[in-house]
Amino acid sequence: MVEIICRGGKFLAKGSFTMGLAGTYVNEAFEDESITVHPTLDYVLKELDNENSFRMKPLFPYLKDKPRDGNSIANGLAEYYNQKEKEAAEHVKEINDNLLFHLFWNLEACGFEFREIEEAVAEGFDTEDLDDDPYVNSKVFDFSDYFDERPNNGTRERVDFEAKLREWFPMFNFDGLYRSIEQEGMTLDGRFISFQFSDKWGAMLYECAYDRFDENFTSCDWHNH
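Since the structure is predicted, the reported quantities are computational estimates derived from the model, not experimental observations.

Asks: Explanation requested: the overall build of the protein chain in the structure shown.
Replies: Within the protein chain, the regular secondary structure consists of 7 helices and 7 strands. Along its sequence from the N terminus, the protein chain presents helices and strands in the succession β-β-β-β-α-α-α-α-α-α-α-β-β-β. When burial is assessed residue by residue, the protein chain has 52% of its 225 residues classed as buried. Sequence separation of 24 or more characterises 56% of the internal contacts of the protein chain that already satisfy a separation of 6 or more. By element, 44% of the accessible surface of the protein chain is carried by carbon and sulfur atoms, the whole surface being about 11200 Å². For the protein chain, the distance from the average site of its 23 positive side-chain charges to the average site of its 47 negative ones is 9 Å.

Spelled out as structure tokens, the structure:
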């Protein structure tokens, strides 16, 4: 949950926001920058008069009836993003599956040998006894149409993609990966929530991984260095 204030025409956040396996981003004080808020007060007030505002329209129900001063608008922004965090918790399975899809799509596309990362191999597996090709049973690419530019907010039939990944990659340490995630920053920017994170296994899998979700948690700008 975040609290947002307006200071000098700019918005500042304090609190936390959890985005699935990407973890919890925290600002202990308004001056911290783990969570930043864009755009400025002047921009928001201008866009409130634009009925077709691309960036701000989904926030109109939280802002239109507010007095047009900085702290009132800040309160409306906080209401919107706290509602988004609640929805993210409700649809965490879909969000996680989306982030896992992008990871394994990237890994398989370049034939990355993740078994060379000691922490990535699940307990009980000896890499010398495994098939030479870790992707031999994988069907990750078959799900591109399901995940690409699709909402993750409960509006479509769910697929338990993590379960499929665990079937295709029984040697992979999924639980260890989740525990390893380190947050690097989140930006609340109108309809968009962007976030960046890495794994602590040398950032060999998620390396400065970045995505931007719209109001429906649709992946809009995935990058993984």
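Asks: For this particular structure, what's the right way to read unusual backbone geometry?
Replies: Negative phi is the rule for most residues except glycine; trans is the rule for most peptide bonds. In this structure, the amide linkage connecting His38 to the following residue, Pro39, adopts the cis form with an omega of -5°. Along the chain, the position of Pro39 falls in the loop between strand 4 (35-38) and helix 1 (41-47). With phi around 55°, Glu149 is a residue other than glycine that occupies positive phi space. Here Glu149 shows up in the loop between helix 5 (144-147) and helix 6 (161-168). Unlike most non-glycine residues, Phe217 shows phi in positive territory, near 60°. In this structure, Phe217 sits in the segment after strand 7 (209-213). The exposure class of Phe217 is buried, given its relative accessible area of 1%.

Asks: In this structure, what is going on with the side chain of Glu47? I would like to understand it.
Replies: Tracing the backbone shows Glu47 in helix 1. The contacts of Glu47, once residues within four sequence positions are left out, are Ser53, Met56 and Phe60.

Asks: What is the right way to read the pattern of salt bridges from this model?
Replies: Going through the model one piece at a time under the given rule, you end up with 13 salt bridges. A salt bridge links Asp160 to Lys93, with the shortest nitrogen-to-oxygen separation between them at 2.7 Å. Taken together, the residues span a long stretch of sequence, with Asp160 in the loop between helix 5 and helix 6 and Lys93 in helix 4 (residues 92-109) at a distance of 67 residues. Asp160 sits in the partly exposed class, given a relative accessible area of 40%.

Asks: Explain the pairing of strand 7 here, please?
Replies: If a strand is regular, its side chains alternate between the two faces of the sheet. Taking every second residue as pointing to the same face, the buried face of strand 7 carries Ala209, Asp211 and Phe213, while none of Tyr210 and Arg212 on the other face is buried. Both strand 6 (residues 192-198) and strand 7 contribute to a ladder of 5 bridges, which runs antiparallel. Each residue of the ladder has a partner; that of Gln196, found in strand 7, is Tyr210.

Asks: Explain the packing of aromatic side chains here, please?
Replies: Describing an aromatic ring pair means giving the distance of the ring centres and the angle of the ring planes. Throughout the structure, instances matching the rule amount to 24 aromatic pairs. On the basis of an interplanar angle of 50° and a centroid distance of 6.1 Å, the ring pair of Phe143 and Trp168 is categorised as tilted. Taken as a pair, Phe143 in the loop between helix 4 and helix 5 and Trp168 in helix 6 lie far apart in primary sequence, 25 residues in all. Among the aromatic side chains, those forming a connected cluster through ring pairs are Phe101, Phe143, Tyr146, Phe147, Phe161 and Trp168. Seen from the ring of Tyr146, Arg156 lies directly overhead, with NZ or CZ sitting 3.9 Å from the centre. Between Arg191 and the ring centre of Phe54, over which it is positioned, the NZ or CZ distance is 4.5 Å.

Reading the values: the criteria
Residues numbered from 1 in each chain as written. Predicted model: local features only at pLDDT ≥ 70, side-chain atom pairs only at ≥ 80, totals over all residues. Heavy atoms only, no water. Helix = DSSP H or I, 4+ residues; strand = E, 2+ residues; numbered from the N terminus. Buried < 20%, exposed > 50% of the residue type's maximum accessible area, 1.4 Å probe, protein only. Contact = heavy atoms within 4.5 Å. Areas by Shrake-Rupley, 256 points an atom, 1.4 Å probe, with all protein chains shown as cover. Lys, Arg positive; Asp, Glu negative; His and termini not counted. Charge placed at Lys NZ, Arg CZ, Asp CG, Glu CD. Salt bridge = Lys/Arg side-chain N within 4 Å of Asp/Glu carboxyl O. Pairing = 2+ DSSP bridges. Phe/Tyr/Trp six-rings, centres within 6.5 Å; stacked < 30°, edge-to-face > 60°. Lys NZ or Arg CZ within 6 Å of the ring centre and 35° of its normal.

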